[in-house]
Amino acid sequence: MVSTWFSAPAPVTRRVRAYFAPVNRSTQTPELFDPSQQGCFNLEAPPAPWIDLGWIQGFARKPASKSTSLLTGIPAAPLEQARETLETQVSLQFLNWTKLTMALATDSQHMNLLTPASAAAPSACGAEALPAVNPQSGSTSTSIQLASADAARFAAGSIIAVDVDYAGQTGYVGSPIAGAFVRQALADVDYIRRVTFNVALVSQVNATGLVLAQPLPGGAPAVGSKLQAIVGFVDREGGSFYQEWSGLFVSQGSQGERIFFHYPRLQTMAGTEEAISPLNQKHQNGQSRILLKGQFLALPVTDPLDGERVVCYRSFLPAAHALV
Amino acid sequence: MQNAKDSFYMALRARLTTINPERTILMRGAVRPGILVEEAEAPVSQLPTDVFVLRWLALGADLDLDSTMVATQCELIYQTCGTQSFGGLDRGRALSQMDEEVLAMIHPFYTPKLNYAATPPAAMLTQVFWDEPEFAPITIQRDRLSRTATTIVYSYQEQGE
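As the structure is a prediction and not an experimental result, all values here were calculated from the model.

So, on to the overall build of chain A. Scanning chain A from N- to C-terminus turns up 4 helices and 20 strands. Across its three principal axes, chain A shows a C-alpha extent of roughly 80 × 60 × 50 Å. Put simply, of all contacts in chain A between residues at least 6 apart along the chain, 68% involve residues at least 24 apart. Surface accessibility of chain A: about 16700 Å² in total, with carbon and sulfur atoms responsible for 53%. With 22 positive and 23 negative side-chain charges, chain A shows a separation of 5 Å between the mean positions of the two kinds.

Rendered as structure tokens:
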């Protein structure tokens, strides 16, 4: 008789994959992940707006919630338990350096180093920048239409930042992802493009504009957006801004089963720190990889299902034909 | 565990035909993909060149699980003398190409388990999976370069196996 089920032991996995999605800071709305509808997604192509940050290592969850016992009787014995505090921490190491992984591994705003103007005065966060250019109509998330004179200012291999001019506003700035919180009006018209997450690599330049190697996280440039080249990134230790993102971590087992750890609200909680990983374990003083360390504090959300406050959802999709 | 060994071999064989369809071997009058299982062929004093030879070695089992896990060590042996048209001077390049084909063949690190004793092969319930390969240093014998890549192939024993 042909068997139609098997008894699955504990999942066997090789690694963990990380996805992050922006929290709307103005409305404090996190991104939700529904494993019943989205759990079978292609790990290489997560559902929008989740951003794939690739495989990670050192993924660790550290519950720090405390419970207290309600004692009764003589001698006192626990009658009930009550949750005293709700807290959990997540730590991991990113295996690549990108705009987003750097931002997630710092506890302040993360900035773009705009290409400096000629003879600009030095500044630790990047000097006064070359003037921004205006995208033309017809631009998309992967192709920026420009006047030919503007296009000539860029080259294949450039990195660009696309966002609106700073106009003296306060509060969260950067679209569609808040890159900073402005407490008092600033003078830098390029400030939003300094903190925006709307960046991409240019793969080709032609007379009509730029072709991007990756889509802009914010999609097609919004009305009023401008474009500037950037040379890299900078973050600071200190400051008052905390990155906040929704996090999703996936482990796929050897039998196709999946474990999801979904944190609706993760705030960075530690200063910038790197981990050194020698490429050859037998040659500790040789070439080493520098890994970005991310440490996060999970903040609670109220589950509309029953009004409970929670910090993490752990989901499990069993392997096909496995006993449950 | 024979089903796991067969499934692993057939997965690599199918992947090789996509990665490099020109890597073939003439065996018993038939042209086949250039990968074979040593224990399923006639003994030879010298392994063929420019094909992959799969050799099964150690065996282990974890009997404490609900489904017994079997781990089998697999060695993939490959060697080349380069091509005649270059007088063998391209043997290093030829071995590098085989290294790359091994890396491509073993990914992804799992395949469905099938029972190849049945015709047509019958799908089973679990998957066979394996580790990243460990590459040994090149061995040089005159004009022959050879290397082995070793991995552990895991599978769960199903009812009836």
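Another point: the interface of chain A and chain B. Between chain A and chain B, the contact holds 16 residues from the first and 14 residues from the second. Between chain A and chain B, the buried area comes to about 1300 Å², and carbon and sulfur atoms account for 55% of it. The largest contributions to the chain A side of the interface with chain B come from P9, R14 and Q255 of chain A, which together make up 40% of the buried area. Linking chain A to chain B there are 1 salt bridge. In this structure, R14 of chain A and E132 of chain B form a salt bridge, with 2.3 Å as the shortest nitrogen-oxygen distance. The residue makeup of the side of chain A that touches chain B, split by class, is 6 nonpolar, 8 polar and 2 charged.

With that settled, the discussion passes to the pairing of strand β15 (residues 258–268) of chain A. All names here are of chain A. Most of β15 sits out of view: 11 of its 11 residues are buried. Both strand β14 (residues 244–252) and β15 contribute to a ladder of 8 bridges, which runs antiparallel. Counterpart to F249 in the pairing with β15 is F261. Hairpin connection between β14 and β15: a loop of 5 residues separates the two successive antiparallel strands, and G256 in this loop has a positive phi of roughly 90°. One ladder, built from 5 bridges, connects β15 with strand β20 (residues 313–317); its direction is antiparallel. Each bridged residue has a counterpart across the sheet, and for R258 the counterpart in β20 is L317. Examined bridge by bridge, β15 and strand β17 (residues 288–298) share 3 bridges and lie antiparallel to one another. Counted as the bridge partner of Q267 is L297 from β17.

Rules of the game
- Residues numbered from 1 in each chain as written.
- Chains lettered and ligands numbered in written order.
- Predicted model: local features only at pLDDT ≥ 70, side-chain atom pairs only at ≥ 80, totals over all residues.
- Heavy atoms only, no water.
- Helix = DSSP H or I, 4+ residues; strand = E, 2+ residues; numbered from the N terminus.
- Contact = heavy atoms within 4.5 Å.
- Areas by Shrake-Rupley, 256 points an atom, 1.4 Å probe, with all protein chains shown as cover.
- Lys, Arg positive; Asp, Glu negative; His and termini not counted.
- Charge placed at Lys NZ, Arg CZ, Asp CG, Glu CD.
- Buried area = accessible area lost by both parts, 1.4 Å probe.
- Salt bridge = Lys/Arg side-chain N within 4 Å of Asp/Glu carboxyl O.
- Nonpolar A, V, L, I, M, F, W, Y, C, P; charged D, E, K, R; others polar.
- Buried < 20%, exposed > 50% of the residue type's maximum accessible area, 1.4 Å probe, protein only.
- Pairing = 2+ DSSP bridges.

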